[in-house]
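So the chains spell out like this:
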Amino acid sequence: MGWPPLLEFHIRQKLDKRLFANAAYAEKVFRIVDGAGCPESRIIVATFTKDALKGVQKNRPGVRRVAHTFIRKVKGGFQMNADEGSKVYPSLDAVAERLAAHAREYGLYGFNVPHIFRNGRQLYHTPPPLVKRLRGMGYWISIWFAYDPGTAEYYREAGADAFVTNWKARTFPEFQQHKAVNLHRLLRNLKQRSPTYFQ
């Protein structure tokens, strides 16, 4: 059976840096995916690591690449991880232009941009106007993380394409009847069934 049109893999780097820490590890993951018969046209690789982005760009040019990007407000503007050091950008337009340059350098399909709270405190927040600006420039945008319907709607209105969440049923009640897909189980049973994946 073929791959459903909605199926896409988001193979993303864990925050402990073990996944997609470098190009060599990315290739190990691709060998597993290749063995399961997943076409590259169905894969999105997302990672913080520039070495991995470069490696996938060189070795797997047909695979869409998405940069995990942190953006935070600081005195005088915004900082992000597209740069080494502590450069401050004075406006969201300046942030968008820098991210576009980053995308051109690495051939990026889009960005994962943050909305992160921990222990009730906001660590990172991507303003919706930046999401709109990046979408208007043609980039695919996912939000990490969305843990409630309000956050999902907040960014849907800005044009976000996808969300990273551990609480799908609570965040997206319309998908409560659908079971989450376990990537490892899906790969293991790929040849016996047709999987379904909901963003």
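Residues numbered from 1 in each chain as written. Predicted model: local features only at pLDDT ≥ 70, side-chain atom pairs only at ≥ 80, totals over all residues. Heavy atoms only, no water.

**Things to note about the overall build of the protein**
Part 1 of the reasoning: The number of helices and strands found in the protein is seven helices and nine strands.
Part 2 of the reasoning: When burial is assessed residue by residue, the protein has 46% of its 199 residues classed as buried.
Part 3 of the reasoning: Look at the contacts in the protein between residues 6 or more apart in sequence, and 56% of them connect residues 24 or more apart.
Part 4 of the reasoning: Element-wise, carbon and sulfur atoms account for 52% of the exposed surface of the protein, whose accessible area totals about 10600 Å². (Helix = DSSP H or I, 4+ residues; strand = E, 2+ residues; numbered from the N terminus. Buried < 20%, exposed > 50% of the residue type's maximum accessible area, 1.4 Å probe, protein only. Contact = heavy atoms within 4.5 Å. Areas by Shrake-Rupley, 256 points an atom, 1.4 Å probe, with all protein chains shown as cover.)

**Here we look at the pairing of strand S4 (residues 71-74)**
Part 1 of the reasoning: Inspection of the sheet shows S4 paired to strand S5 (residues 77-80) by four bridges, in the antiparallel sense. Note that in S5 the partner of Lys-73 across the bridge is Phe-78.
Part 2 of the reasoning: Between S4 and S5, which pair antiparallel and follow one another directly, the connecting turn spans two residues, one of which, Gly-76, has a positive phi of 90°. (Pairing = 2+ DSSP bridges.)

**Concerning the pattern of salt bridges**
Part 1 of the reasoning: Here the structure, examined in full by the defined rule, presents six salt bridges.
Part 2 of the reasoning: Of the charged contacts in the structure, one is a salt bridge between Asp-34 and Arg-60, with a shortest N-O distance of 2.9 Å. One end of the pair, Asp-34, is in helix H1 (residues 23-35); the other, Arg-60, is in the loop between helix H2 (50-59) and strand S3 (64-68), with 26 residues separating them in the sequence.
Part 3 of the reasoning: For Asp-34, a relative accessible area of 37% corresponds to the partly exposed category.
Part 4 of the reasoning: In this structure, the salt-bridge partner of Arg-133 is Asp-93, at a minimum N-O distance of 2.5 Å. Placement of Arg-133 in helix H4 (residues 128-136) and of Asp-93 in helix H3 (residues 92-106) is noted, with a sequence separation of 40 residues between them. (Salt bridge = Lys/Arg side-chain N within 4 Å of Asp/Glu carboxyl O.)

**What about the packing of H2 against H3?**
Part 1 of the reasoning: Remark: H2 packs on H3, axes separated minimally by 9 Å, with the N-to-C direction vectors making an angle of 45°. Taken together, the axes of H2 and H3 are oblique relative to one another. Between H2 and H3, the residues in contact are Lys-50, Leu-53, Lys-54 and Gln-57 and His-102, Glu-105 and Tyr-106, respectively.
Part 2 of the reasoning: Residues belonging to the contact of H2 with H3 are distributed by class as follows: two nonpolar, two polar and three charged. (Axes fitted to C-alpha atoms, helices over the stretch in contact; angles between N-to-C directions. Parallel < 35°, antiparallel > 145°, perpendicular 65-115°, else oblique. Nonpolar A, V, L, I, M, F, W, Y, C, P; charged D, E, K, R; others polar.)

Keep in mind these numbers describe shape, not what the thing actually does.
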